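Descriptive analysis of the structure
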Amino acid sequence: MPGLFTMIFGQMKQLYTSVILGKFNFNLVATTLPLVILVVLTMIFGRFFCGYMCAFGTINDLIYRFSPKVFKTKFKANKRVDNFLKLLKYAILLFIIIAVWTLGISELNSINPWDAFSQLIQFPPQVLNIKALIVLILIFIGALFIERFFCRYLCPLGAFLSILQVFRIVKIRKEKTVCIDGCTACTRSCPMGIDLDNVNRVDSIECIECMNCVGVCPKSNAKLTVFGRVVNQILVIAIFVLAFLGFKGLAEKVIEFKMMHEDKERSINFGEHIPKPDGKRRHRHGNEEQQQVQNVDVAQGKYKDGTYVGSAIGFKPGLTVEVTISGGKISKIEIIDHNETPSYAEIPFKIIPNEIIKKQSTNVDAVSGATRTSVGIMNAVAEALKQAEQK
């Protein structure tokens, strides 16, 4: 699920910028529900998302597992250096909030490594931003030497989730009095480099709940607990994953229900019959190189009733929409063809057409984490509207 990381972090930006700009509304809550769900679950369970659901963490794991085939020895960072470098991700999170989200220095998006990662695995391969690709390669090189390199030192989402899990009720406990003298199996198995030898409970906010220490303990001393009571770790992991995916799916159904209700209201306002003067769809491919938003406001009497088709570039070329004009206004927008990545396109496909119809304008807010797809929809609608202009 490579798009999940970007979607969640994009929703953090969307929520933050909407609040500081005073644009908080129901649509915002609906579109950021996956983030809200993850926040609540992390505060209760801890960073199970990092341990089990993040594709970027997974690729770091795979690279580190592969490294023994290239290098004969494992590299171990100095403990003091390691602890200092772990603070970097909090500094990166703060920098992104101030420089990118608040001050709007959009040029920094060009070095976004997880965006490059999500494009890298697309088929057919996409044209990658060179700067972002270089940063991604450097991260992969770091992952060869240090386990969970990106998660330990650089991940801003991990920094955010670390802060949230301070009060978690799910924790790993072990009685150090039962430990075998000189055994450091738990510490050696920890991908986040946490010193576990001399603790009775794992309170470190760096813990990603991976359960490596539980599985490797020779005396089965390390156990997962809730309020101090031992619980089945597989059951807890399953509850977290299913709860996140289940509530995320429910959030999507809420959005769909809201849009269906608004569609019914529009059908009453515009009438069930949508006239098509020519009985044909008019198709225009549009400017495939255009990446800027084409802002178009619908004016009464400007457009002829009918159904029109337009295309534009989203995340990939070929994003095509069908726009229905009724009573001189946009009454319906349907995505009829696209090459977008489903995990990125899912939310903007539901939100952007609805917002354009409500405002009767392509000048609407993009969905954070899926900006290219959002802009593609706006531009495709703008191209379709060109066909509907009264001559």
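A brief structural summary. (Residues numbered from 1 in each chain as written. Predicted model: local features only at pLDDT ≥ 70, side-chain atom pairs only at ≥ 80, totals over all residues. Heavy atoms only, no water.)

1. Focus: the overall build of the protein
A tally of regular secondary structure across the protein gives 16 helices and seven strands. The 391 residues of the protein split such that 48% are buried. Expressed as a percentage of contacts within the protein between residues at least 6 apart in sequence, the contacts between residues at least 24 apart total 72%. For the protein, the exposed area adds up to about 19,500 Å²; of that, 62% sits on carbon and sulfur atoms. (Helix = DSSP H or I, 4+ residues; strand = E, 2+ residues; numbered from the N terminus. Buried < 20%, exposed > 50% of the residue type's maximum accessible area, 1.4 Å probe, protein only. Contact = heavy atoms within 4.5 Å. Areas by Shrake-Rupley, 256 points an atom, 1.4 Å probe, with all protein chains shown as cover.)

2. Let's talk about the pattern of salt bridges
Following the criterion strictly, the structure yields ten salt bridges and no others. Residue E355 pairs with K358 through a salt bridge whose shortest N-O separation is 3.7 Å. Highlighted residues: E355 and K358, both in helix α15 (residues 342-359), separated by three residues, approximately one helical turn. Residue classification places K358 among the partly exposed residues on the basis of a relative accessible area of 44%. Among the ionic contacts, a cluster of salt bridges with common partners joins D82, K86 and R152. (Salt bridge = Lys/Arg side-chain N within 4 Å of Asp/Glu carboxyl O.)

3. Here we look at the packing of helix α7 (residues 88-102) against helix α11 (residues 156-164)
At a minimum axis distance of 8 Å, the contact between α7 and α11 shows a crossing angle of 105°. By the angle between their directions, the pair α7 and α11 is classed as roughly perpendicular. Between α7, through K89, Y90, I92, L93 and I96, and α11, the contact on the second element is made entirely by P156, A159, F160, S162 and I163. Across the contact of α7 with α11, the residue classes tally to eight nonpolar, one polar and one charged. (Axes fitted to C-alpha atoms, helices over the stretch in contact; angles between N-to-C directions. Parallel < 35°, antiparallel > 145°, perpendicular 65-115°, else oblique. Nonpolar A, V, L, I, M, F, W, Y, C, P; charged D, E, K, R; others polar.)

4. A look at α11
Judged by how many residues are buried, α11 sits mostly within the fold: seven of nine residues are covered. Of all the residues in α11, the buried ones are P156, L157, G158, A159, L161, S162 and L164.

5. Here we look at the environment of T32
Position of T32 relative to the elements: it lies in the loop between α2 (26-31) and α3 (33-45). Residue classification places T32 among the buried residues on the basis of a relative accessible area of 1%. Not counting the four nearest positions on each side in its chain, T32 is found in contact with Q11, Q14 and L15.

6. Some words on the state of the cysteines
Under the definition given, this model contains zero disulfides. As a non-bridged cysteine, C186 has C179 as the owner of its nearest cysteine sulfur, 6.2 Å distant. (Disulfide = S-S within 2.5 Å.)

7. Quick notes on the packing of α3 against α11
At their nearest, the axes of α3 and α11 sit 8 Å apart, and the two run at 50° to each other. Here α11 runs oblique to α3, going by the angle between their axes. You can see that α3 and α11 cross each other, and the crossing is right-handed. In this structure, α3 contributes L35, L38, V39, T42 and M43 to the contact, and α11 contributes F160, L161 and L164. When grouped by side-chain class, the residues that make up the contact of α3 with α11 number seven nonpolar, one polar and no charged. (Left-handed = near helix turned anticlockwise from the far one by under 90°.)

8. Details of a nonpolar patch on the surface
On the surface, F75, I130, I134, I137, L138, I141 and F145 cluster together into a nonpolar patch covering about 670 Å² of accessible area. With respect to the helices, strands and loops of the structure, I141 is situated in helix α9 (residues 130-145). The partly exposed category is assigned to I141, whose relative accessible area is 42%. (Patch = residues over 30% accessible without salt bridge, like charges linked within 9 Å, V, L, I, M, F, W, Y side chains within 5 Å.)

9. What about the side chain of K86?
Structurally, K86 is set in the loop between α6 (79-85) and α7. Excluding its chain neighbours within four sequence positions, the residues that come into contact with K86 are R152, Y153, M192, G193, I194 and E206.

10. Re the packing of aromatic side chains
Scanning all chains against the criterion turns up nine aromatic pairs. Considering the side-chain rings of F9 and W101, the 5.4 Å spacing of their centres and the 50° angle between planes classify their relative orientation as tilted. With F9 in helix α1 (residues 2-20) and W101 in helix α7, this pair connects stretches of sequence that are 92 residues apart. Take F9: its relative accessible area is 7%, and that puts it in the buried class. On the basis of relative accessible area, W101 is assigned to the buried category, the value being 9%. Ring geometry for F45 against F240: centres 5.8 Å apart, planes inclined by 75°, an arrangement best described as edge-to-face. (Phe/Tyr/Trp six-rings, centres within 6.5 Å; stacked < 30°, edge-to-face > 60°.)

11. Structural notes on the sheet that holds strand β3 (residues 229-230)
Ordered in space as β1-β2-β3, the three strands form an open sheet in which the pairing is antiparallel. Each end of this open sheet is capped by a strand with a single partner; those strands are β1 (170-173) and β3. Examined bridge by bridge, strand β2 (residues 223-226) and β3 share two bridges and lie antiparallel to one another. Across the sheet, T225 pairs through a bridge with V230, a residue of β3. (Pairing = 2+ DSSP bridges.)

12. What to know about the nonpolar core
Ranked by size, the top nonpolar core spans 86 residues in total, and within it F48, F49, F56, L157, V323, I330 and V381 carry the most contacts. At seven residues, the largest contribution of residues to this core is made by helix α16 (residues 371-388). Residues within four places of F56 in sequence aside, it is in contact with F5, P113, W114, F117, L136, I139 and F150. (Core = buried A, V, L, I, M, F, W, Y, C linked by side-chain atoms within 4.5 Å.)

13. Details of the pairing of β2
Of the pairings in the sheet, the one linking β1 to β2 comprises four bridges and is antiparallel in character. Each bridged residue has a counterpart across the sheet, and for K171 the counterpart in β2 is T225. Counting the residues between successive antiparallel strands, the hairpin from β2 to β3 contains two residues, one of them, F227, with a positive phi of roughly 55°.

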